Amino acid sequence: MKTKHQFFFICCALIGILIAPWSYVDAAPPSIHTNAVGASLVDVESGRVLYSEKGDTPMRIASLTKIMTAIIAIEQGDLGSMVKVSKNAFGKEGSSIYLKLGEEMRLHDMLYGLMMRSGNDAATAIAEHIGGSVDGFVYLMNEKAQMLGMDHSHFTNPSGLDEGEGHRSSPNDMAKLTAYALKNSVFSDIVSTKLKKVPNPNETWDYSWLNKNKMLSMFEGADGVKTGYTKLAKRCLVSSATRDGQQLVVVTLNDGDDWADHARLLQYGFAHFPLQTLVKKGDAIEGTPWVASRTFKYPLAEGEYASLSHKVTSVDPLTTEYRLAERGSLQILLKNKLIQTIPIYDKTNPLLAVPEKATFSFQPSSPYKETILTKYGYICRMLVQGLFNLSGSQWAD
């Protein structure tokens, strides 16, 4: 009898261990998996990482590189200037918009060819136009990456071609870059365009470019951004979508089923991490005579609102900030971890009347936790991919 009782209690204990992860009191979002080697899902407004798989691991990114190429050209170039196609750009291998040697095209138009058709010839021509040379432009790319805090990235060319070693970025870094770029209206207009016609100086007909990004037609609210492929990088994709005022970005690297994975990840983000307004510009700060200097929105999973807290610190009256009517700062914390700091003002501060501009921030978070099952699933996927992967082009799309 004693043996039977011992067996019964051992079985109960084992059952308890097995069901414990599924009955955790904190209402965490359900787990989600992809076919990607690396992936990231972020909220554009706040920069919060909602899901990450090998998020900080540097990998090949193929033509996702052109997101960096485009935003640098937009920020540092004259969009009305004429870009001349050099011998180096003409006939560049891989995907192309078939520019002619010596042809000139307006920078703004060429950017559509870069992002919609992934033209490697356009990438090279733009790099030489903005940077003086490809090497000069690559310097700008790495400077920008450093400025954005892309600590796991290094660029060696403007197209993403597998030229030498060292051209890498991580899923989280690419999500960070894309979230930043999407806050630029020129960039967001280009990557959301499905069909673009551009004057062709060599023919009687115009260039007509159809966007390679199928997500624009496959997913409701999709509004960007870039496809990529090389033989070594495999299929890479960055997509974005906006619903109910919330914009999300998904990055997958080396994913054989990227369209489906992106749709599931975007749906997952919208369903489980809705964007919520935590503070509005001009809101009174409890316990003080001051008000918030700007609005702050943040995506929260079910049950996380109760884990929010805040702290108020004051500014020294002898400082310049105080003379400009800044009275302190409001620190907002989630589960005792700082997620945002907002200056607080006197109600009479004239800056309160200035329209708010989009800001850029990136605040990693990891609600998803890998289990033994997902680890084995990942290993199995890699074995299958290694056995059945078909040889493909080495060129960036």
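Definitions and limits used
Counting from 1, residues in each chain are numbered in the order their sequence is written. Under the rules for a predicted model, residues below a pLDDT of 70 receive no local features and side-chain atom pairs below 80 are neither given nor counted, while totals for whole chains, interfaces and linings still include all residues. Excluding hydrogens and water, the side-chain figures rest on all heavy atoms present in the structure. Should DSSP find at least two bridges between two strands, the strands are taken to pair. Every helix listed is a DSSP run of H or I at least four residues long, and every strand listed is a run of E at least two residues long, numbered separately from the N terminus. Each residue is assigned to one of three classes by its accessible area relative to the maximum for its type, calculated with a 1.4 Å probe on protein chains only: buried under 20%, partly exposed between the two thresholds, exposed over 50%. Helix axes are fitted to C-alpha atoms over the stretch in contact, other axes to C-alpha atoms as well, and angles between N-to-C directions run from 0 to 180 degrees. For any helix crossing, the convention is left-handed if the near helix is rotated counterclockwise from the far helix by under a right angle, and right-handed if that rotation is clockwise. For this analysis, residues touch if any pair of their heavy atoms sits within 4.5 Å. Aromatic pairs are defined between Phe, Tyr and Trp rings, using the six-membered ring for Trp, whenever the two ring centres lie within 6.5 Å; interplanar angles under 30 degrees are classed as stacked, those over 60 as edge-to-face, and all others as tilted. We count a charge as sitting over a ring when the NZ of a lysine or the CZ of an arginine lies within 6 Å of the ring centre and within 35 degrees of the ring normal. Salt-bridge detection follows one rule: a side-chain nitrogen of Lys or Arg within 4 Å of a carboxyl oxygen of Asp or Glu. Throughout this description, any angle smaller than 35 degrees is read as roughly parallel, any larger than 145 degrees as roughly antiparallel, any in the 65 to 115 degree range as roughly perpendicular, and the remainder as oblique.

Going by an unreviewed UniProt entry, the chain carries the name D-alanyl-D-alanine carboxypeptidase and comes from Paenibacillus qinlingensis.

Q: I'm lost on the sheet that holds strand S13 (residues 308-314) in this one. Help?
A: Sheet strands pair via backbone hydrogen bonds, and the direction of the pair is either parallel or antiparallel. The antiparallel open sheet is built from 4 strands, whose spatial order is S11-S15-S14-S13. Every other strand in the sheet has two partners, leaving strand S11 (291-292) and S13 as the edge strands with one partner each.

Q: Where do I start with helix H2 (residues 66-76) in this structure?
A: Along an α-helix, residues three or four apart share an orientation, since each turn contains 3.6 residues. Of all 11 residues that make up H2, 9 are buried, and the element is covered over most of its length. Restricting attention to buried positions, one finds in H2 the residues Lys66, Ile67, Met68, Thr69, Ala70, Ile71, Ile72, Ala73 and Ile74.

Q: Can you walk me through the packing of H2 against helix H6 (residues 171-181) in this structure?
A: The angle between the axes and the distance between the axes are what describe a pair of packed helices. Where H2 meets H6, the closest approach of the two axes is 10 Å, and the angle between their N-to-C directions is 30 degrees. Read as a crossing pair, H2 and H6 show a hand that is left-handed. Residue-level inspection shows Ile67, Met68, Ile71 and Glu75 of H2 in contact with H6, the latter providing Met174, Leu177, Thr178, Tyr180 and Ala181.

Q: Looking at this structure, I do not really get the packing of aromatic side chains. What am I missing?
A: Each aromatic ring pair is specified by the distance between its two centres and by the angle formed by the two planes. Counted under the stated rule, the structure contains 3 aromatic pairs. For the ring pair Phe296 and Tyr298, a centre distance of 5.8 Å and an interplane angle of 35 degrees mean the geometry is tilted. One exposure class covers both Phe296 and Tyr298, and it is buried. Sitting above the plane of the Tyr112 ring, Lys196 keeps its charged end 4.4 Å from the centroid. In this structure, Arg327 packs its charged tip against the face of Tyr322, placed 3.7 Å from the ring centre.

Q: Help me understand the pattern of salt bridges in this model?
A: Opposite charge on two side chains allows them to pair when their charged atoms are near. Under the defined criterion, the tally for this structure stands at 10 salt bridges. Between Glu75 and Lys144 there is a salt bridge whose closest N-O contact spans 2.6 Å. Of this pair, Glu75 sits in helix H2 while Lys144 sits in helix H5 (residues 134-147); the two residues are 69 residues apart in sequence, bridging distant segments of the chain. Of the residues examined, Glu75 reaches a relative accessible area of 35% and is grouped as partly exposed. Judged by relative accessible area, Lys144 falls into the buried class, the value being 10%. The salt bridge involving Arg235 is made with Asp258; its shortest N-O contact spans 2.9 Å. Of this pair, Arg235 sits in strand S8 (residues 234-243) while Asp258 sits in helix H9 (residues 258-272), placing them 23 residues apart in sequence. One connected set of salt bridges, linked through shared partners, spans Arg60, Asp162, Glu165 and Arg168.

Q: What am I meant to see in the sheet that holds S8 here?
A: With antiparallel pairing, 5 strands are arranged side by side in an open sheet as S2-S1-S9-S8-S7. The open sheet has two edge strands with one neighbour each: strand S2 (49-53) and strand S7 (222-230). Between one strand axis and the next, the sheet turns through 5 degrees on average, direction left out of account. Bridge count between S8 and strand S9 (residues 246-255): 8 bridges; the pairing is antiparallel. Residue pairing in the sheet places Cys236 in a bridge with Leu253 of S9.

Q: Just to check I follow, could you spell out unusual backbone geometry for this structure?
A: If a residue is not glycine, its phi is most likely negative; likewise, a peptide bond is most likely trans. Cis peptide bonds are those with omega within 30 degrees of zero, and the linkage from Gly224 to Val225 qualifies with 5 degrees. Following the sequence through the fold, Val225 ends up in strand S7. Positive phi, normally seen in glycine, also occurs at Lys54, with a value near 50 degrees. Assignment of secondary structure puts Lys54 in the loop between S2 and H2.

Q: How should the environment of Trp259 be read in this particular structure?
A: By secondary structure assignment, the location of Trp259 is in helix H9. By relative accessible area, which is 16% here, Trp259 ends up buried. Linking Trp259 and Lys214, residues 45 residues apart in sequence, is a C-alpha distance of 7.7 Å. With near-sequence residues (within four places) excluded, Trp259 lies in contact with Lys212, Asn213, Lys214, Met215, Met218, Thr227, Arg235 and Leu237.

Q: Whenever I open this one, helix H3 (residues 107-116) confuses me. Can you help?
A: Counting buried positions along H3 yields 10 of 10 residues, so the element is predominantly enclosed. Where H3 is concerned, the buried positions are Leu107, His108, Asp109, Met110, Leu111, Tyr112, Gly113, Leu114, Met115 and Met116. Phi turns positive, to about 60 degrees, at Ser118, one or two residues after H3.

Q: I would appreciate a short explanation of the packing of helix H4 (residues 120-131) against H5 in the present structure.
A: Two numbers describe how H4 lies on H5: the axes approach to 7 Å, and their chain directions differ by 80 degrees. Considering their axes alone, H4 and H5 lie roughly perpendicular with respect to each other. On H5, the residues touching Thr124, Ala127, Glu128, Ile130 and Gly131 of H4 are Val134, Gly136, Phe137 and Leu140.

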